[in-house]
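Residue-level listing of the chains:
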Amino acid sequence: MKILVTVKRVPDPETSIKVKPDGTGIVTDNIKWVVNPFDEIGVEEALRIKEKVAGSEVVLVSIGDKVAQEQLRTGLAMGADRAILVLADDLDPLGVARVLAKLVDDEKPDLIIMGKQAIDDDSNAVGQMLAELLGWPQGTFASQIELSDDQKSASVTREVDGGLETLSFPLPGVITADLRLNEPRYASLPGIMKARKKELKEIPVADLGVDVTPRVTITKMEPPPSREAGKIVASVEELVNLLHTEAKVI
Amino acid sequence: MLYEPPDYYAIDELLSDEERMVRDTARRFIEDEYQPLVTKAFRDGSFPMQIVPRLAELGFFGPTLPERYGCADLNSVAYGLINQELERGDSGIRSFASVQSGLVMYPIFTYGSEEHRTHWLPRMARGEAIGCFGLTEPDFGSNPSGMLTTARRADGGFILNGVKRWITNGNIADVAVVWARLEEDGQSAIHGFLVERDRQGYSAREMEGKFSLRASITSELFLDDCWIPEENRLPGTGSMKAPLSCLSQARYGIAWGAIGAASACYDCALSYARERIMFDKPIAAFQLVQRKLVTMVTEITKAQLLCLRLGRLKDAQHVRPEQISMAKMNNVSQALKIARLARDILGANGIIDEYPIIRHMLNLETVNTYEGTEDVHRLIIGKDITGFSAFGG
Ligand SMILES: Cc1cc2nc3c(=O)[nH]c(=O)nc-3n(C[C@H](O)[C@H](O)[C@H](O)COP(=O)(O)OP(=O)(O)OC[C@H]3O[C@@H](n4cnc5c(N)ncnc54)[C@H](O)[C@@H]3O)c2cc1C
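1. Notes on the overall build of chain A
Next, step 1: Regarding its fold elements, chain A presents six helices and 11 strands.
Next, step 2: With the principal axes as the frame, chain A shows a C-alpha extent of 70 × 40 × 40 Å.
Next, step 3: Buried positions account for 46% of the 250 residues belonging to chain A.
Next, step 4: As displayed, chain A has an accessible area near 13500 Å², and 51% of this comes from carbon and sulfur atoms.
Next, step 5: With 30 positive and 41 negative side-chain charges, chain A shows a separation of 5 Å between the mean positions of the two kinds.

Right, here's the structure in full:
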């Protein structure tokens, strides 16, 4: 089976992020970039399916700047077969979903696995939009994926408030990965060297003939307010007093 | 986030994406899978064998050798970075990998027959066979060319006799590369022989009582009328050049490894000094402590630059053994100095294995000695620049 997996280049979750003084975005110098952790889980899941289902192919897709090659190479080094990089400036979720829908037309995958969200903008929208554009079933926030023996349908376990929900649907479909789906492997050294020889195709977004005009504009970014230093109080009385007069919570 | 070691001169920028990826794989492995084991392994004086399959799976054995033998075909800089990360964990695991890769797989690849290569290399890459390298003897350390171990021809093969001491992985090795003197046609030359563990007359005994490199096995090898077939000789050997070229491989890795051990000590001392309050201030705020920390980071930075340049020379096939000697000599002796400074900064906590420093410090005493002592490397460079050999004899 052919599995398409999305891979987004995002700042390392533990990098300290600074907002540009004019509020138009974040300062990108000196940031360490990684594969979106949820996408990494998606790649791992696809590789596990490939290991089980003979003759499978795992194709990675990233949309963004040329430097996103680095993240695609990471996925190839983990074991994916080939990669496509659509060169485009920041797109909004609908733009991304449309680009992916176009690629799906060309690639005809049996399954699309994506991270449930990208940890940079946390939109949590593309998977759902893509399923809608394609008219395919979707299983979001997957914590477990099982394919039927003939790989014609999938059952997806989702972590919902207070329990688990299991959905089954025919393939092709879109699945988005949640944190507990698996523990991604790291690239082995032979894997890293083999990745060098794997195909990584670059396509300028204009060549796809897709309308990517943004519907969403970012008007302003602000860092969260900095927290004031804590106070050490001498007695319970003082604490109660301050909670009342200063914090005004009691 | 993955641990970030000191990189004062942004040397990271000089690495390729692949080199960084290789390093990050080694770094993650050490952090996730080895660090949790090492303190106990060192206390127990044992090598944690359970990590061997993982080391193999990730491609750490013979990583610079060609793919056709199941290896990763990395360049020397990537190989160096692996050593750096492994030794940030412990000199013991780096020694294990150095011996397997640089001292056993390398000579089999370079001096062995094609049968040797196809028989041993894929197995060793998969971690199914472990190797050891027997050069040092009880009475011949810095001067291995004086070795007493002999080989003589008999019954379509050779009979080996002698004792090798201080042999890393000796007890757990499936195959030993044994260096021995063969007297033939009035000539005496050093040859390399492959001795499988079940050969009659071959035995290994673990050495007890080490205070250094405890998370690594060190053994004595006994060759007592040990017969091996003709084809077990490494056909490309026949002089001291062969074992010395193996040492060059391993020394190159050690020069990088020392950076890892030193960085582990520096990082620990830096974070400790910022938090430890004495005389109402973090000790990092005292000039005398800062002096130590600055010395440490400066020497680490210099060592990183030496290694990167050395690696690029090696990849361009332009490196001379004397240049490797300089990096081994400098980086290990500086790492030892850094470990001692770090030990001092931690005060009493510097001597307990809750922190990695005392372990690295003790390990580095071995690393400073093996693969050519610090002074032996000084003499190698001395001879190179003056033209006079000061080795004596
Ligand atoms: C834990 C451990 C693991 C080891 N693993 C291996 C292994 O796997 N395989 C292997 O073959 N060997 C191994 N060795 C042995 C190691 O390579 C030797 O210990 C090393 O070469 C030094 O030899 P030596 O101990 O006999 O010291 P010696 O040669 O006796 O040196 C003692 C001192 O004399 C100095 N010295 C010697 N000659 C001169 C000179 N001409 N001028 C000035 N000073 C001099 C040295 O610098 C040193 O300070 C290992 C050693 C240790 C400790």
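2. Focus on the sheet that holds strand S6 (residues 111-115) of chain A
Residues and elements named next belong to chain A.
Next, step 1: The strand order across the open sheet formed by nine strands is S9-S8-S7-S10-S6-S1-S4-S5-S11, and the pairing between neighbours is mixed. Each end of this open sheet is capped by a strand with a single partner; those strands are strand S9 (163-170) and strand S11 (200-204). Pairs of neighbouring strands in the sheet enclose a mean axial angle of 35°, with direction left out of account.
Next, step 2: Here S6 runs beside strand S10 (residues 173-177); their pairing, made up of five bridges, is parallel.

3. Let's talk about the nonpolar core
Next, step 1: Within the largest apolar cluster, 98 residues are counted, with the highest numbers of intra-cluster contacts made by A:Leu60, B:Phe29, B:Leu55 and B:Trp179.
Next, step 2: Considering every element that reaches this core, the biggest residue donor is helix H4 (residues 91-111) of chain B, with 10 residues.

4. Here we look at the domain arrangement of chain B
Residues and elements named next belong to chain B.
Next, step 1: According to the domain assignment, chain B consists of domain 1 (11-130), domain 2 (132-232) and domain 3 (241-385).
Next, step 2: Using C-alpha coordinates to define each centre, domain 2 is positioned 31 Å away from domain 3.
Next, step 3: Between domain 2 and domain 3, the contact holds eight residues from the first and 10 residues from the second.
Next, step 4: With both sides pooled, the region where domain 2 packs onto domain 3 buries about 770 Å², and carbon together with sulfur makes up 73% of that total.
Next, step 5: Put simply, domain 2 and domain 3 have zero salt bridges between them.

5. Topic: the site of the ligand
Residue and element names in this part refer to chain B.
Next, step 1: In the vicinity of the ligand, 18 residues are found, and the nearest of them are Thr136, Ser142, Trp166, Thr168 and Thr373.
Next, step 2: Note that an oxygen atom of the ligand is positioned 2.6 Å from one of the side-chain N or O atoms of Ser142.
Next, step 3: Between Phe391 and the ligand, the recorded distance is 3.1 Å, taken from a backbone N or O atom to a nitrogen atom.
Next, step 4: Considering the ligand on its own, with 980 Å² of exposed area, one finds that the protein chains cover 67% of that surface.
Next, step 5: Elements that contribute at least two residues to the shell around the ligand include exactly strand S3 (157-168), helix H9 (357-369) and helix H10 (374-386).
Next, step 6: For the shell around the ligand, the element with the highest residue contribution is S3, accounting for three residues.
Next, step 7: The residue makeup of the shell around the ligand includes at least three contributed by each of domain 2 (132-232) and domain 3 (241-385).

6. Points about the pairing of strand S4 (residues 57-64) of chain A
Both faces of the sheet carry side chains from a regular strand, because those side chains alternate between them.
Residue and element names in this part refer to chain A.
Next, step 1: Extensive coverage of S4 is indicated by the burial of seven of its eight residues.
Next, step 2: Where strand S1 (residues 2-6) and S4 come together, five bridges link them in parallel fashion. Each residue of the ladder has a partner; that of Val5, found in S4, is Leu60.
Next, step 3: Bridge analysis of S4 against strand S5 (residues 82-87) gives six bridges, and the strand direction is parallel. Looking at the pairing, Val61 lines up with Ile84 of S5.
Next, step 4: As a crossover connection, the stretch from S4 through helix H2 (residues 69-78) into S5 is right-handed.

What counts and what doesn't
- Residues numbered from 1 in each chain as written.
- Chains lettered and ligands numbered in written order.
- Predicted model: local features only at pLDDT ≥ 70, side-chain atom pairs only at ≥ 80, totals over all residues.
- Heavy atoms only, no water.
- Helix = DSSP H or I, 4+ residues; strand = E, 2+ residues; numbered from the N terminus.
- Buried < 20%, exposed > 50% of the residue type's maximum accessible area, 1.4 Å probe, protein only.
- Areas by Shrake-Rupley, 256 points an atom, 1.4 Å probe, with all protein chains shown as cover.
- Lys, Arg positive; Asp, Glu negative; His and termini not counted.
- Charge placed at Lys NZ, Arg CZ, Asp CG, Glu CD.
- Pairing = 2+ DSSP bridges.
- Axes fitted to C-alpha atoms, helices over the stretch in contact; angles between N-to-C directions.
- Core = buried A, V, L, I, M, F, W, Y, C linked by side-chain atoms within 4.5 Å.
- Domains from an automatic or database assignment.
- Contact = heavy atoms within 4.5 Å.
- Buried area = accessible area lost by both parts, 1.4 Å probe.
- Salt bridge = Lys/Arg side-chain N within 4 Å of Asp/Glu carboxyl O.
- Near = heavy atom within 4 Å.
- Polar contact = N/O pair within 3.5 Å; in protein donor to acceptor, adjacent residues only side chain to side chain.
- Right-handed = clockwise from strand over helix to strand, strands pointing away.

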